[in-house]
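Listed here are the chains, written in short residue letters.
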Amino acid sequence: MRFLSIDYIFYQIYSFFRFVGDILFGTNNASGTNGAVNGSLDSDGDGLTDTEERRLGTDPFRADTDGDGIPDGEEVRRGLNPLNPDTDGDGILDGVDKYPLDPNAGGPSLLDSLFGGTSQTASDTTVFLSILNGLQTFFIILILIFIGGIFFSYIRWKEELYKAKQKFNDAYKPVGEVPVELYKHPRWQSVINHMNTLNQAEWRVAILEADMMLAEMLEKRGFPGLTIGDQLKSANKDTFTTLQDAWDAHRVRNQIAHEGSAFVLTEREARRVIGLYERVFKEFNFI
């Protein structure tokens, strides 16, 4: 009920003291220049007298009753509804709407909403907060993707580290722990153990030992000659089908023996040479 509202009570108190002041100080003259008695008082300075505001239903102590950013008096002069913040019902406050009486036109541009020349209103704030919320959601998703990438990279790093440790442990496992395979010649297992390390010096030892096994095999099979080269020259390709393999492997052995550290031996080359010796030894059922 209006007569119980705080604004109404303060308005009545204000009117009473203004009336008393007019009487005591003679401001209420016959010409009616005062506003309290003749109804020209504008308590909130919005361009409408308190009497006009009571007639229109607006708040005489609030310059902008509907909160649309336009004073009540200005709204009345422009034909707007001072009790409705959106006169044309287009969802845009009258204070922002460029055409407040046309529901099909008006409204601030994006730049106006962000940096607009008009006063900041609820519509401006809504647009700005919508953009801000969109950016916030985008950055949250970006951060989550970044965190997921870090987690995935960490898991992959742990897996690769585990594989590398396993390979290292297998490569440098003591000879006694290497599973012993049954070979006819016990020295061949030693060649395999030297080859299965990550040490280039061990690969050289493997090739030198394999070549000594080749010398032993040629001697036992009765190939004549004082050196491996002489024995291979005396061999017949028809009865020694892997003769070329023996020559190729022995040639690499000579490079290791004569060139020393100047000869670069890769793991791939070392395994190829050991494979050549293996084919020769299997042909003669030596291992």
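The structure reproduced in this document is the subject of the present report.

What counts and how
By convention here, each chain's residues receive numbers from 1 onward along its written sequence. Predicted model: local features are reported for residues with pLDDT of at least 70 only, side-chain atom pairs are reported and counted for 80 or more only, and whole-chain, interface and lining totals are derived from all residues. Side-chain measures here rest on the full set of heavy atoms in the structure, leaving out hydrogens and waters. Helix numbering and strand numbering both begin at the N terminus, where a helix is a DSSP run of H or I of at least 4 residues and a strand a DSSP run of E of at least 2. Throughout this description, buried means an accessible area under 20% of the type-specific maximum (1.4 Å probe, protein chains only), exposed means over 50%, and partly exposed covers the range between. Any two residues whose heavy atoms approach within 4.5 Å at even a single point are treated as in contact. For helices, the axis comes from a line fit to the C-alpha atoms of the stretch in contact; other axes are also lines fit to C-alpha atoms, and the angle between any two N-to-C directions lies between 0 and 180 degrees. Here is the rule for angles: anything less than 35 degrees is roughly parallel, anything more than 145 is roughly antiparallel, 65 through 115 is roughly perpendicular, and the remaining ranges are oblique. The sense of a crossing depends on the near helix, which, turned anticlockwise from the far helix by less than a right angle, makes the crossing left-handed and, turned clockwise, makes it right-handed. The residue classification treats Ala, Val, Leu, Ile, Met, Phe, Trp, Tyr, Cys and Pro as nonpolar and Asp, Glu, Lys and Arg as charged. All others, Gly included, are polar.

Bringing the side chain of threonine 65 into the picture now. With respect to the helices and strands, threonine 65 occurs in the loop between helix 2 (50-56) and helix 3 (72-77). Classification of threonine 65 as buried rests on a relative accessible area of 17%. Those residues within four positions of threonine 65 in sequence are excluded, and the remaining contacts are Glu53, Thr58, Asp59, Asp72, Pro82 and Leu83.

Attention shifts here to unusual backbone geometry. Residues other than glycine seldom take positive phi values, yet asparagine 285 does so here, at roughly 55 degrees. You can see asparagine 285 is positioned in the segment after helix 10 (267-283). Residue classification places asparagine 285 among the partly exposed residues on the basis of a relative accessible area of 47%.

This part is about the packing of helix 9 (residues 243-259) against helix 10. Remark: helix 9 packs on helix 10, axes separated minimally by 9 Å, with the N-to-C direction vectors making an angle of 135 degrees. In terms of their interaxial angle, helix 9 and helix 10 are classed as oblique. As helix 9 runs across helix 10, the sense of the crossing is left-handed. Counting all contacts with helix 9, which are made through Asp245, Ala246, Asp248, Ala249, His250, Val252 and Arg253, the residues of helix 10 involved are Glu269, Arg272, Val273, Leu276, Tyr277, Arg279 and Val280. When grouped by side-chain class, the residues that make up the contact of helix 9 with helix 10 number 7 nonpolar, 1 polar and 6 charged.

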